[in-house]
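Here's the letter readout for the chains.
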Amino acid sequence: MNRKRKGVATHHLIRHATLRQIQVFEAVARNLSFTRTAEELYLTQPTVSAQVKTFCEAVGMPLYEQVGRKIYLTEAGEMAARSCREVIDTLANLEMSIADLGGLKRGRLRVSVITTAKYFAPVAMGEFARQFPEIDLELKVTNRKGLLQRLENNLSDLYISGHVPPSNLDLEVIPFAPNPLVVIAPRSHPLAEEQDIPLERLARESFILREEGSGIRSTVERLFTEHGLPIRQRMVLDSNEAIKHAVVGGLGLAVVSQHALNLEGENSPIATLDVQGFPLERQWNIVYPRGKELSVVARHFLEFLREKGTSYIKLG
Ligand code: PGA
């Protein structure tokens with residue numbers, strides 16, 4: 001009798017929620033918008049609202065709050081979104097495995113990369129897509145903080161990240177390729193001709209820094225703090241490309257990944273400075289949650305990256 005009641009409680013959602021509701025709620029939680037979800041799923045907005053309402057009733061807790069047109073997930077909503085994503089992923093993986101059994105490489109590949117990997121990732125994905133033309137690709141470029149949030153929310157299959165700070169997440173971290181950081185200045189800058197420049201000298205210059213949440217920003221801040229030096233911050237920019245332009249425009253010096261200078265030709269207006277301790281040797285890692293069952297396509301891409309990935313990377 002007891003066992004029966006327990007069973008009933010455990011299967012409440014199986015009996016009251018549908019896969020369609022799970023799909024719609026996951027999309028609302030990701031987009032934080034009914035309108036965008038309706039567009040994404042080719043549904044009308046009243047259908048989206050009705051599906052989400054029934055799902056909330058089935059869960060028995062408020063899953064979101066709406067303030068004006070904005071949607072905020074409650075704690076239960078965050079938990080529900082993660083579970084919905086797992087259900088959808090499991091079914092998508094099943095589809096891909098079944099297609100694989102039939103010799104078809106089909107499905108989707110979602111990759112999130114750190115800002116500096118945006119120069120190489122599209123090239124590698126392009127080559128991979130030529131081998132497997134039936135695969136839908138999604139590439140998200142974000143900073144370190146954004147990448148960790150995406151990992152936490154299980155939004156991609158694989159991640160390419162710089163330094164992975166300790167966290168509660170149990171992660172598989174595969175060192176992948178070098179990601180050196182260098183100091184740049186306009187070519188006409190007096191320091192461009194100097195050698196072995198001490199950090200103390202650099203500290204007298206103004207800097208263009210990346211935004212809070214950026215791995216490069218925290219590396220630079222840590223370096224200056226360790227040497228007891230202040231940083232003269234002139235400007236904050238959240239794009240490595242915009243930083244290069246601001247440097248050329250004379251707004252200050254900056255620390256960027258050497259990958260960001262790849263497309264600069266011989267006559268680039270940017271000079272790499274010869275600063276003591278630089279380049280800062282760092283690396284990119286391929287990361288994914290340990291224990292996450294990777295889809296067939298994600299496993300192929302992981303193998304592809306490990307075997308051939310570095311051949312798409314040019315440094316210096
Ligand atoms: P960031 O990281 O975009 O968070 O600064 C860049 C990197 O680690 O290469």
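Residues numbered from 1 in each chain as written. Predicted model: local features only at pLDDT ≥ 70, side-chain atom pairs only at ≥ 80, totals over all residues. Heavy atoms only, no water.

### Quick notes on the sheet that holds strand S12 (residues 283-289)
Stage number 1. Read across the sheet, five strands follow the order S4-S3-S5-S12-S6 without closing on themselves; strand pairing throughout is mixed. Pairing within the sheet leaves two strands with one partner each, and these edge strands are strand S4 (135-142) and strand S6 (171-178). Neighbouring strand axes in the sheet, compared pairwise and without regard to direction, differ in orientation by 20° on average.
Stage number 2. Taken together, the seven bridges between S6 and S12 define a ladder with antiparallel strand orientation. Bridging from a neighbouring strand, Glu172 pairs with Tyr288 of S12. (Pairing = 2+ DSSP bridges. Helix = DSSP H or I, 4+ residues; strand = E, 2+ residues; numbered from the N terminus. Axes fitted to C-alpha atoms, helices over the stretch in contact; angles between N-to-C directions.)

### A word on the site of the ligand
Stage number 1. Around the ligand sit Ile114, Thr115, Thr116, Asn143, Arg144, Gly162, Asn179, Arg210, Ser214, Gly215, Ile216 and Arg282, and those are all the residues in its vicinity.
Stage number 2. A distance of 2.5 Å separates an oxygen atom of the ligand from a polar atom in the side chain of Thr116.
Stage number 3. A distance of 3.0 Å is found between an oxygen atom of the ligand and a side-chain nitrogen or oxygen belonging to Arg282.
Stage number 4. The protein chains hide 99% of the 280 Å² of surface that the ligand would expose on its own.
Stage number 5. Formed jointly, the shell around the ligand draws a minimum of three residues from each of two domains, domain 2 (105-178 + 283-312) and domain 3 (181-272). (Near = heavy atom within 4 Å. Polar contact = N/O pair within 3.5 Å; in protein donor to acceptor, adjacent residues only side chain to side chain. Areas by Shrake-Rupley, 256 points an atom, 1.4 Å probe, with all protein chains shown as cover. Domains from an automatic or database assignment.)

### Comments concerning the pattern of salt bridges
Stage number 1. Enumeration over the complete set of coordinates arrives at 17 salt bridges.
Stage number 2. The shortest N-O distance in the salt bridge between Arg150 and Glu138 comes to 3.8 Å. Here Glu138 lies in strand S4 and Arg150 lies in helix H8 (residues 144-152), a separation of 12 residues in the sequence.
Stage number 3. A relative accessible area of 14% places Arg150 in the buried class.
Stage number 4. On the basis of relative accessible area, Glu138 is assigned to the partly exposed category, the value being 36%.
Stage number 5. Each of Asp89, Arg108, Arg110, Asp157 and Lys292 takes part in one network of salt bridges that share partners. (Salt bridge = Lys/Arg side-chain N within 4 Å of Asp/Glu carboxyl O. Buried < 20%, exposed > 50% of the residue type's maximum accessible area, 1.4 Å probe, protein only.)

### Re a nonpolar patch on the surface
Stage number 1. A cluster of nonpolar side chains, Leu19, Val87, Leu91, Leu94 and Ile98, forms an exposed patch at the surface whose accessible area comes to about 440 Å².
Stage number 2. Per-element accounting of the nonpolar patch gives the leading share, four residues, to helix H6 (residues 75-101).
Stage number 3. Inspection of the secondary structure assignment puts Ile98 in helix H6.
Stage number 4. Exposure remark for Ile98: the relative accessible area of 51% places this residue in the exposed category. (Patch = residues over 30% accessible without salt bridge, like charges linked within 9 Å, V, L, I, M, F, W, Y side chains within 5 Å.)

### A short note on the domain arrangement of the protein
Stage number 1. Its domain assignment divides the protein into domain 1 (2-81), domain 2 (105-178 + 283-312) and domain 3 (181-272).
Stage number 2. The C-alpha centroid of domain 3 is placed 27 Å from the C-alpha centroid of domain 2.
Stage number 3. Domain 2 puts nine residues into the contact, and the matching count from domain 3 is 14 residues.
Stage number 4. Inspection of the region where domain 2 meets domain 3 yields six residue pairs in polar contact (both at pLDDT 80 or more).
Stage number 5. Grouping the amino acids of the side of domain 2 that touches domain 3 by side-chain chemistry returns three nonpolar, three polar and three charged. (Contact = heavy atoms within 4.5 Å. Nonpolar A, V, L, I, M, F, W, Y, C, P; charged D, E, K, R; others polar.)

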